[in-house]
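Given next are the chains, with one letter for each unit.
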Amino acid sequence: MPLIVTHGWPGSPIEQLKIVDPLTNPTAHGASASDAFDVVIPSMPGYGYSGKPTTPGWGVDRIARAWDLLMKRLGYTRYVAQGGDWGAVVVDQMGVQAPSGLLGIHTNMPGVFPADVDAAAFSGAPAPASLSADEKLAYERVQFVYQKGIAYGFQMGLRPQSLYGIADSPIGLAGYFLDHDARSYELITRVFAGASEGLTRDDVLDNVTITWLTNTGVSGGRLYWEYWGKSFFQVKGVSIPVAVSVFPDELYPAPRSWTERAYPKLIHYNKLDKGGHFAAWEQPKLFSEEVRAGLRSLRK
């Protein structure tokens, strides 16, 4: 089964390298040969080895259309898509567009927040009394992101070109990239203190280095400008089959109740015991197992 995987910010296909062998060669990892994928992992426009857009218009909707065109140019008439972070927004948009041949998507950052609840969290309002315990936890976590954790999104959404300093200093670039979200920052801190936990120092430095060598620190930020004023976390209106994996240290743990309403063709929902926002990078074994299980029913 052909699979296109989309990375996020501050990222690159470096984040997905560990899942290539488990997905393309599943028998070497304790899975069935029938679970094999052909894996396509492009750099998003403005990132890594992709071109830097020179005019406005390269938002998630256009990237979603480009990915469908890419897969068809590669000869794949039927395929699936996966994404986290920006990749999750891209695959949601692919699910909205529902091009012929796209069988379904897998996401580890599902857009499930009802619009009114998302707006309340953004405003800083207390959690609505009607929320269940799972919904209240998701609300409080995403409210923390809005209030304290997404300064970089506001900076790049409003003035991406003013961040030219990170194109002039590898230390500046690394410092800006590492402070993504609180739980990922804590994980990276533990790794650099000597802990063996998901990532390594080389993993982190490789991801910064690809951006430094391709000079895409600023051009990658323009995607936030393209998306400014829209919600990352709201329901998007996906109409095709969807598999969802919920990692505990994601920005928010998506409740089953909201997930089922957001994705009427939900084919898989599972809550994992470990893993965070960059799950493919941090927990490649669990992540690969989730992709296999989540999309298996579409192999007909």
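Residues numbered from 1 in each chain as written. Predicted model: local features only at pLDDT ≥ 70, side-chain atom pairs only at ≥ 80, totals over all residues. Heavy atoms only, no water.

Enquirer: Looking at this structure, how should I read the environment of Trp212?
Expert: By the secondary structure assignment, Trp212 is in helix H9 (residues 201–214). The sequence separation of Trp212 and Asp168 amounts to 44 residues, and the corresponding C-alpha distance is 9.1 Å. Beyond its immediate chain neighbours, meaning those up to four positions away, Trp212 contacts Ile166, Ala167, Asp168, Ser169, Pro170 and Leu173. (Helix = DSSP H or I, 4+ residues; strand = E, 2+ residues; numbered from the N terminus. Contact = heavy atoms within 4.5 Å.)

Enquirer: What is the right way to look at unusual backbone geometry in this model?
Expert: Most peptide bonds take the trans form, and the phi angle of most residues other than glycine is negative. Omega for the peptide link from Trp9 to Pro10 comes to 0°, which places this bond in the cis form. Among the structural elements, Pro10 can be located in the loop between strand E1 (2–6) and helix H1 (17–24). The residue Ala98 is not glycine, and still its phi comes out positive at about 50°. Here Ala98 shows up in the loop between helix H3 (86–97) and strand E4 (102–107). The class of Ala98 is partly exposed, set by a relative accessible area of 32%. (Buried < 20%, exposed > 50% of the residue type's maximum accessible area, 1.4 Å probe, protein only.)

Enquirer: Even after reading the chapter, I still don't get the nonpolar core, so can you show me in this structure?
Expert: Nonpolar side chains tend to gather and get buried jointly when the protein is soluble and globular. In this structure, Trp9, Trp86, Met94, Phe113, Phe233 and Tyr252 are the most contacted members of the largest nonpolar core, which totals 62 residues. With residues near it in sequence (within four places) discarded, Tyr252 still touches Met109, Pro110, Gly111, Val112, Phe113, Ala138, Arg141, Val142 and Phe233. By size, the runner-up hydrophobic cluster in this structure holds 17 residues, among which are Val5, Phe37, Val80 and Val291. (Core = buried A, V, L, I, M, F, W, Y, C linked by side-chain atoms within 4.5 Å.)

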